[in-house]
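Read off the chains here:
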Amino acid sequence: MLSIPEINELKLFLESPKNISIVCHRNPDGDAMGSSLAVQHALEQLGHTITCITPNEHPNFLAWLPKADAAIAFERESEKAIPILENSDLIFTLDFNALHRTGEIMQKTLEQLTVPMIMIDHHQLPDPYAKYTFSDVNYGSTCEMVYDFINALGYNHLINKDVATCIYTGILTDTGGFRFPKTTPETHRCVAELIERGVNNSEIYNLLYDNSSYNRLQLLGRALQNLKILPEYNASYIALSQEDLDTFHYEKGDTEGIVNYGLTIKGVHVTAIFIENKEEGIVKISFRSQGDFDVNQFARTHFNGGGHINAAGGKSFSSLQETINQFIAILAQENN
Ligand SMILES: [Mn+2]
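None of these values were measured; they are calculated from a predicted model.

1. Some points on unusual backbone geometry
Phase 1 of the analysis: Despite not being glycine, Leu125 has its phi angle at roughly 55 degrees, a positive value.
Phase 2 of the analysis: Tracing the chain through its elements places Leu125 in the loop between strand S5 (117-121) and strand S6 (132-135).
Phase 3 of the analysis: Judged by relative accessible area, which is 56%, Leu125 ranks as exposed.
Phase 4 of the analysis: The phi dihedral of Asn234 is positive, around 50 degrees, even though this residue is not glycine.
Phase 5 of the analysis: Examined against the element boundaries, Asn234 turns out to sit in the loop between strand S7 (228-230) and strand S8 (235-240).

Listed below in structure tokens is the structure:
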């Protein structure tokens, strides 16, 4: 948590109406959108003018979140977003801890600003760009941190149904439905209160997970058929080529969560999904692991990325096949 002097300073700052922007990482997930919109719904009740700015478009499966439709996508509406950022009194940066996570263009804009920033985030190794840094890897989600942050400010009464719904969404998605190891008694106490504040947990589950398209399921089928096991390294991986994506009319969010299937095989401790993106000339990679295998370190060292010990992302500028070969070669090397 922030220090008591920092909390007091922020409380004083928030006593009079301010212009506040909220920024999350590129390709926002449930935790990024949930934490951003939760802070917006909470602080708007104090009379502040608040704008959520996502680097690029948020995925369709999160469009139902309250006020998601009012968020500005920087890469589509930069001429609108830049003056809002410049005229902010404070910028929240949520669910990321290095400005490059907002993408090249937005990163440049943020770096040139003199506006003070506050970081709330649960990834490893935060960059020192924020005036206020609430960074803690022991949390399973940024949304749970936002809940503690709101309470630390003495704003528990601001947690209405909208705030609670947004926080719940981030906790649910980032804990994999309350099953990842960082799901604590505190997480469940928090969630209990959110349900008391009006969260419809069954409805949220349906909105998030029971809204698949036929194409998405077909793409999942292809991904599972492409799954390969490397028993000698307790590893597995899935590759999806641009052709695979095109065949099933890929839409943003369609590959969300597919990486996790590789880890459900008995004996597999580390898995990856490689997704070709011909337009950007890259292969996007997600890693998942169980136990001590540190995919954050793995992604940082070898694949231009990072994240958490058991969940990380990266990218490669080589071809799909070369990237996979590199992955296998590194595993072979690390097993020696
Ligand atoms: Mn998160």
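2. Topic: empty space enclosed by the protein
Phase 1 of the analysis: Under the defined criterion, the tally for this structure stands at one cavity of 30 Å³ or more.
Phase 2 of the analysis: In this structure, the largest cavity is lined by Val39, Ala42, Leu43, Val146, Phe149, Ile150, Leu153 and Tyr155.
Phase 3 of the analysis: Residues belonging to the lining of the largest cavity are distributed by class as follows: eight nonpolar, no polar and no charged.

3. Looking at the sheet that holds strand S4 (residues 90-94)
Phase 1 of the analysis: Within the open sheet, the six strands sit side by side as S3-S2-S1-S4-S5-S6. Their pairing is parallel. Here the strands that pair on one side only, and so sit at the sheet edges, are strand S3 (72-73) and S6.
Phase 2 of the analysis: With two bridges connecting them, strand S2 (residues 49-54) and S3 associate as parallel partners. When the bridges of S3 are listed, Ile53 appears paired with Ile72.
Phase 3 of the analysis: The strands that helix H1 (residues 4-13) touches are S4, S5 and S6; relative to S6, the one it contacts most, it runs at about 120 degrees.
Phase 4 of the analysis: Sitting on the sheet, helix H3 (residues 78-86) touches strand S1 (19-24), S2, S3 and S4, and the angle it makes with S2 is about 130 degrees.

What counts, and where the lines are drawn
- Residues numbered from 1 in each chain as written.
- Predicted model: local features only at pLDDT ≥ 70, side-chain atom pairs only at ≥ 80, totals over all residues.
- Heavy atoms only, no water.
- Helix = DSSP H or I, 4+ residues; strand = E, 2+ residues; numbered from the N terminus.
- Buried < 20%, exposed > 50% of the residue type's maximum accessible area, 1.4 Å probe, protein only.
- 1 Å grid on protein atoms, 1.4 Å probe; cavity = no way out; pocket = protein on both sides within 12 Å on 5 of 7 lines; lining within 4 Å.
- Points joined across faces, edges and corners; volume = space filled by probe spheres on them.
- Nonpolar A, V, L, I, M, F, W, Y, C, P; charged D, E, K, R; others polar.
- Pairing = 2+ DSSP bridges.
- Contact = heavy atoms within 4.5 Å.
- Axes fitted to C-alpha atoms, helices over the stretch in contact; angles between N-to-C directions.

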